[in-house]
Amino acid sequence: MPKETALEASVLGQLDQRIKRLAKTQQLDSAIVLSKEMAVKAKDLGDSIALAKSHFRLGYYNKKLFNHLEAFKNYDKALALYTGLKDQALAAAMLISMANIQKAIGDFNGAYISATDALSLLENSSVKEKFPAYHIITVSLKEEGKTQQSLEWSDRIKKLIEQNDAANIKSQIINFENTRANILIDLNQYDEAVTYFQKLLDDESIVENKKVYAMVLTNLARVLWLKDSFNDESESMFMKGLKIREAISDVSGLISNNINLAKYHQENSPAKALQFAKAALQYSEALNNPVAQLEALDLLLSIKSKIGASVTQEVNLYSTKNKHLKLIQNKIRDIYALTKFNSDQLERENLILQAETAKKDKQKALILVVLIIVVLISSIFMIYKNATRKRELLEASIKTEAKISKKVHDELANDISGVLNYVDLWYGEKEESKEKVLTHLSSLYKKARDISITHAHIDVRDYDKALRNLIAQHHPKDMQVITSPVNQINWDSKSEAKKIALYKGLQELLVNTKKHSKATSISIVFKNEGKKIITIYTDNGVGFMVTEQKLNGLNNVETRMKESDSSFSFESSKGKGFRAHLVI
């Protein structure tokens, strides 16, 4: 990134300095307005670095104001720009910021994935730079109820700390030990958790930091209460933590404190519990924390139900807040699915399949040939049987069957002949002949398997499962496939013909991508739009010129979709991948 002195000599530099001054005085709304102006000017000037910086600031300031969706959108744009600039450190920083937003709105799976992606960009970075990603992963797994996995990640962090200079990452170690103790609480390992908290409270730097001290103190009070609900220390510790947080206006801490006190008094003093739960709700609304709001409302519903009070207001409010949170989560998931496809520069493992050495005897080779021939004959018979039973299906289906029949005749019959010749040759030949036999056999098997899968029965009664299986079947090990949730679509509103048309269309596209595109990523996004269901299919392959390419497969998709009163369109050009819309 250029030095600030270079920016200061320009219009962008002047804006940059004004934004800094506004942010320093907490005039965040004004800082957002100027950051948007800086983004427009940077775009006009073609300054990608200044544009990325503008979007980062818009993300940061909006997050400060708890505008989670707007913050995520801008971090997302900054991520794409830093990825294009090949700045892995800043791209990772954007992913960590995005993960923190996903964690804040309760999307712990999304947070886990974003943080994992950030780690892959920080492979050669210091422990200090990696630590936030490790911590997000650990917390996300814990909140998803995957406590054992969370502990395993915590063990990794512990080992890293032991191998590095602890003084350099002191603040991160405090967060780590606090989180690890909370994981141990979930595993009912209370004594070990108490040891961690007491060790932290003996640290002078923590005693001096009122915010951290109050956090650790209330966590210790909680574990002592869980260990022995009749102990004499927990309530006073809770109250001490509460007073400290009130004195320093730690709103986030006050939410946690009041929720803990509400739970503490819920059984024996419901009236007290009710007041603490109400306070937790007020603080969570002041902080615009949707997850905390739902937790506080859930407590209020439980306490009020116990004392026989009306819960109508809380029920309505809970429903409204929950719907709003789900809406934000879904919008962020849509952004994430497309972003991960378009900007994914993360390293992938290259899983190379090692061919088995061709040291099998003639009998095994002949048995394998016979088995494959049986599979081929069975496949051809099934295709013929299905074709006979479905003669009155649409013209597109008939053309597809004819295409497959030709493929079986032209490719598989010749390959079988070639294999038999190689087997015959094996009798007196050397080891390389065996290798050729096995190579041909492997090819034949894959072709037979592809034909079986292509013509398998589609069970539209469980359409979610059918689509997931389809995508899994056509998911190459060296290719990343990203999909939006299939089970959030109202498939039952569509006819069997439409669902089959969409299934076959996706099948054709997946096969084309696998065979021809040289793509490393596929994105499939499903979404409801009015009464229509739209599927957006994208790959980042080599693409093709539409006017120069034979489009038999794609024409079949279009014909099938039109026959079911649906639509299909696509666009592609050399070097720019492939994109298609399927609407039913």
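Heads up: these notes are all about the structure in this document. This structure is a prediction, so every number in the text was calculated from the model and none was measured.

**Quick word on the overall build of the chain**
Broken down by element type, the chain carries 24 helices and five strands. Buried positions account for 45% of the 584 residues belonging to the chain. Of the roughly 31600 Å² of accessible surface on the chain, 51% is carried by carbon and sulfur atoms.

**Focus on the side chain of R180**
Looking at where R180 falls in the secondary structure, it is placed in helix α10 (residues 170-186). Look past the residues within four positions of R180 in its chain and what remains in contact with it is L151, S154, D155, K158 and Y196.

**Some points on the pairing of strand β5 (residues 578-583)**
Relative to β5, strand β3 (residues 532-539) runs antiparallel, the two sharing six bridges. In the sheet register, D539 faces β5, and the bridge partner there is F578. The pairing of strand β4 (residues 567-572) with β5 spans six bridges and is antiparallel. Paired with E571 across the strands is R579, a residue of β5.

**Examining the nonpolar core**
Membership of the largest hydrophobic core comes to 46 residues, with the highest contact counts inside it found for F197, L220 and V223. Elements that contribute at least two residues to this core include exactly α10, α11 (190-201), α13 (210-227), α14 (234-247), α15 (251-265), α16 (270-286) and α17 (290-307). With ten residues, α13 is the largest single contributor of residues to this core. When neighbours within four sequence positions are excluded, F197 is seen to be in contact with N178, A181, N182, I185, V216, N219, L220 and V223. In terms of nonpolar packing, the next biggest core, distinct from the first, is built from 42 residues, A52, A78, I101 and I169 among them.

**What about the environment of A42?**
Summarising the element assignment, A42 is placed in helix α3 (residues 28-45). You can call A42 buried: its relative accessible area is 1%. For the pair A42 and K53, spaced eleven residues apart in the sequence, the C-alpha separation amounts to 9.6 Å. Not counting residues up to four positions away in its chain, the partners in contact with A42 are L12, D47, A50 and L51.

**A closer look at unusual backbone geometry**
Of note in this structure, N188 is not a glycine but carries a positive phi near 65 degrees. Residue N188 is classed as exposed on the basis of its relative accessible area of 54%. A positive phi angle is found at D565, which is not glycine, with a value near 60 degrees. Note on placement: D565 falls in the loop between α24 (552-563) and β4.

**Focus on the pairing of β3**
For β3, the buried fraction is high: seven of the eight residues fall into the buried class. Bridge count between strand β2 (residues 521-529) and β3: eight bridges; the pairing is antiparallel. Paired with V525 across the bridge in β3 is I536. Following β2, the chain reverses through two residues before pairing antiparallel with β3; G530 in that reversal takes a positive phi of roughly 65 degrees.

**Some details on the pattern of salt bridges**
Counted by the stated rule, this structure contains 15 salt bridges. Two residues, D155 and R180, come together in a salt bridge whose shortest N-O distance is 2.9 Å. Of the two residues, D155 is situated in helix α9 (residues 147-163) and R180 in helix α10; the sequence distance between them amounts to 25 residues. Here E177 ties to K199 by a salt bridge, and the two come within 3.2 Å at their closest N and O atoms. Of this pair, E177 sits in helix α10 while K199 sits in helix α11, and the two are 22 residues apart along the sequence. Overall, the relative accessible area of 11% leaves E177 in the buried class.

**Considerations on a positive patch on the surface**
Where like charges cluster on the molecular surface, the positive patch consists of K43, K73, K77 and K331. Here K77 is to be found in helix α5 (residues 68-84).

**Here's the deal with the environment of K41**
Mapped onto the elements, K41 comes out in helix α3. The class of K41 is partly exposed, set by a relative accessible area of 32%. Along the backbone, K41 and L12 are 29 residues apart, and their C-alpha atoms lie at a distance of 7.4 Å. Setting aside its immediate chain neighbours within four residues, K41 contacts V11, L12 and L15.

**Let's talk about the sheet that holds β3**
Each strand in a sheet pairs with another by means of backbone hydrogen bonds, the pair being arranged parallel or else antiparallel. Taking strand neighbours across the sheet as the criterion, the five strands line up as β1-β2-β3-β5-β4 in an open arrangement whose pairing is mixed. A strand with exactly one partner marks an edge of an open sheet, and here the two such strands are β1 (480-483) and β4. Neighbour-to-neighbour, the strand axes of the sheet open up by a mean angle of 10 degrees, direction not taken into account. Across the face of the sheet, helix α23 (residues 496-517) comes into contact with β2, β3, β4 and β5 while running at roughly 5 degrees to β3.

**Side note on the packing of helix α8 (residues 127-143) against α10**
Two numbers describe how α8 lies on α10: the axes approach to 11 Å, and their chain directions differ by 15 degrees. With respect to α10, the axis of α8 lies roughly parallel. In this structure, the crossing between α8 and α10 has a hand that is left-handed. On the side of α8, the interface is formed by K128, F131, H135, T138, V139 and K142, while α10 contributes Q172, I173, N175, F176, T179, N182, I183 and D186. Among the residues making up the contact of α8 with α10, the classes are represented as five nonpolar, six polar and three charged.

Calculation rules
- Residues numbered from 1 in each chain as written.
- Predicted model: local features only at pLDDT ≥ 70, side-chain atom pairs only at ≥ 80, totals over all residues.
- Heavy atoms only, no water.
- Helix = DSSP H or I, 4+ residues; strand = E, 2+ residues; numbered from the N terminus.
- Buried < 20%, exposed > 50% of the residue type's maximum accessible area, 1.4 Å probe, protein only.
- Areas by Shrake-Rupley, 256 points an atom, 1.4 Å probe, with all protein chains shown as cover.
- Contact = heavy atoms within 4.5 Å.
- Pairing = 2+ DSSP bridges.
- Core = buried A, V, L, I, M, F, W, Y, C linked by side-chain atoms within 4.5 Å.
- Salt bridge = Lys/Arg side-chain N within 4 Å of Asp/Glu carboxyl O.
- Patch = residues over 30% accessible without salt bridge, like charges linked within 9 Å, V, L, I, M, F, W, Y side chains within 5 Å.
- Lys, Arg positive; Asp, Glu negative; His and termini not counted.
- Charge placed at Lys NZ, Arg CZ, Asp CG, Glu CD.
- Axes fitted to C-alpha atoms, helices over the stretch in contact; angles between N-to-C directions.
- Parallel < 35°, antiparallel > 145°, perpendicular 65-115°, else oblique.
- Left-handed = near helix turned anticlockwise from the far one by under 90°.
- Nonpolar A, V, L, I, M, F, W, Y, C, P; charged D, E, K, R; others polar.

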